[in-house]
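Each chain is listed here by its residues.
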Amino acid sequence: MQQPVAPESPILFFDSGIGGVSVLRPTLALLPQAPIVYATDYLGLPYGEKSEAEIGTRVSALLGRLIERFRPRVAVIACNTASTIALAHVRAALDTPFVGTVPAIKPAALSTETGVIGLLGTEATIRQPYVDRLEQEFCEGKLLVRYAAPELVAAAEAKMRGQYVDPQVYVNAIRGLENAHDKGFWIDRIVLGCTHFPLVRDELVEAAVKQVGFPNDIQTINGGDGIARRILQLTLGQPWPASSPRRLVINNGGPLAIKPVWAPFAAMGFTELQAV
Ligand code: DGL
């Protein structure tokens, strides 16, 4: 039987790195009183270049441990790569309600005017059967152009640390997407199918419009707002702490670690950093 939820029970966010912040921000806009545990796996980043088996094992093991330790009311896999590969496994194995992040192909397909949608994701995400199913379900009579842009993960990590990023990285990603299909020129919606990518959205749009020649009204779409609404719905009627909800980052070290990227977390009311 489902136990009643304690006010201090957190919402768990999980991503390989900083990308989950693009899902966390819209969630905090709807639930400013929520206690949060934001867990990173910098030892495993980048997920996008790993095999399905490796990602599946890693994500299931880490989530199992985190859930046992923090007993979250909801666990959010704020990573498209991990969600498209491991969401079904963790849902089957663990009782906690899960929310996944998968490429926002549906809203893009519903709103495109040219019928040509671009999908930027990691190498692992764009080859997933999960994405094939979304395409079959929502893109009938439309075209989905997929392109892997793993260098945008490193770009987002660097940007969030206040480091210089060569703007050519963004131009290359947009050009690669456009060249992935001879109708790429007609793309009017770009799905940002990796949670790191909304963190560099403005740079991508600038590259698309100013350098590659996409129209000014090119739109990017990501799942952040929809996920925030889903979390709100799942937690409706639950109690929250009266003040100062606990906000904690979990880190497992590695060359990137979280320390140098603390400022955006401090701005969201995080006060603690712990090892896994
Ligand atoms: N943020 C992850 C995603 O949404 C990917 C980053 C990585 O490659 O580790 O797919």
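Quick caveat: nothing in here was measured; it's all calculated off a predicted structure. (Residues numbered from 1 in each chain as written. Predicted model: local features only at pLDDT ≥ 70, side-chain atom pairs only at ≥ 80, totals over all residues. Heavy atoms only, no water.)

1. Considerations on the pattern of salt bridges
Opposite charge on two side chains permits pairing when their charged atoms draw close. The full count for this structure, using the stated rule, is nine salt bridges. A salt bridge links Asp41 to Arg58; the shortest N-O distance between them is 2.6 Å. Highlighted residues: Asp41 in the loop between strand S2 (36–40) and helix H2 (52–70) and Arg58 in helix H2, separated in sequence by 17 residues. Asp202 is the salt-bridge partner of Arg201, the closest N and O atoms lying 3.0 Å from each other. The structure contains a network of salt bridges with shared partners spanning Asp132, Glu135 and Arg146. (Salt bridge = Lys/Arg side-chain N within 4 Å of Asp/Glu carboxyl O. Helix = DSSP H or I, 4+ residues; strand = E, 2+ residues; numbered from the N terminus.)

2. Observations concerning the sheet that holds strand S5 (residues 116–121)
Ordered by their spatial adjacency, four strands build an open sheet running S6-S5-S7-S8, and the pairing between neighbours is parallel. Strands with a single pairing partner mark the edges of an open sheet, and in this sheet they are strand S6 (143–148) and strand S8 (219–221). Between one strand axis and the next, the sheet turns through 25° on average, direction left out of account. Here six bridges tie S5 to S6, and the two strands are oriented parallel to one another. The residue bridging Ile117 from the neighbouring strand is Leu144, located in S6. (Pairing = 2+ DSSP bridges. Axes fitted to C-alpha atoms, helices over the stretch in contact; angles between N-to-C directions.)

3. Examining the packing of helix H1 (residues 21–30) against helix H10 (residues 224–234)
Their axes nearest at 8 Å, the elements H1 and H10 cross at an angle of 45°. Between H1 and H10, the interaxial angle falls into the category oblique. Two packed elements cross with a definite hand, and for H1 against H10 that hand is right-handed. Residue-level inspection shows Ser22, Val23, Pro26, Thr27 and Leu30 of H1 in contact with H10, the latter providing Gly224, Asp225, Ile227, Ala228, Arg229, Ile231 and Leu232. A per-class count over the contact of H1 with H10 returns seven nonpolar, three polar and two charged. (Parallel < 35°, antiparallel > 145°, perpendicular 65-115°, else oblique. Left-handed = near helix turned anticlockwise from the far one by under 90°. Contact = heavy atoms within 4.5 Å. Nonpolar A, V, L, I, M, F, W, Y, C, P; charged D, E, K, R; others polar.)

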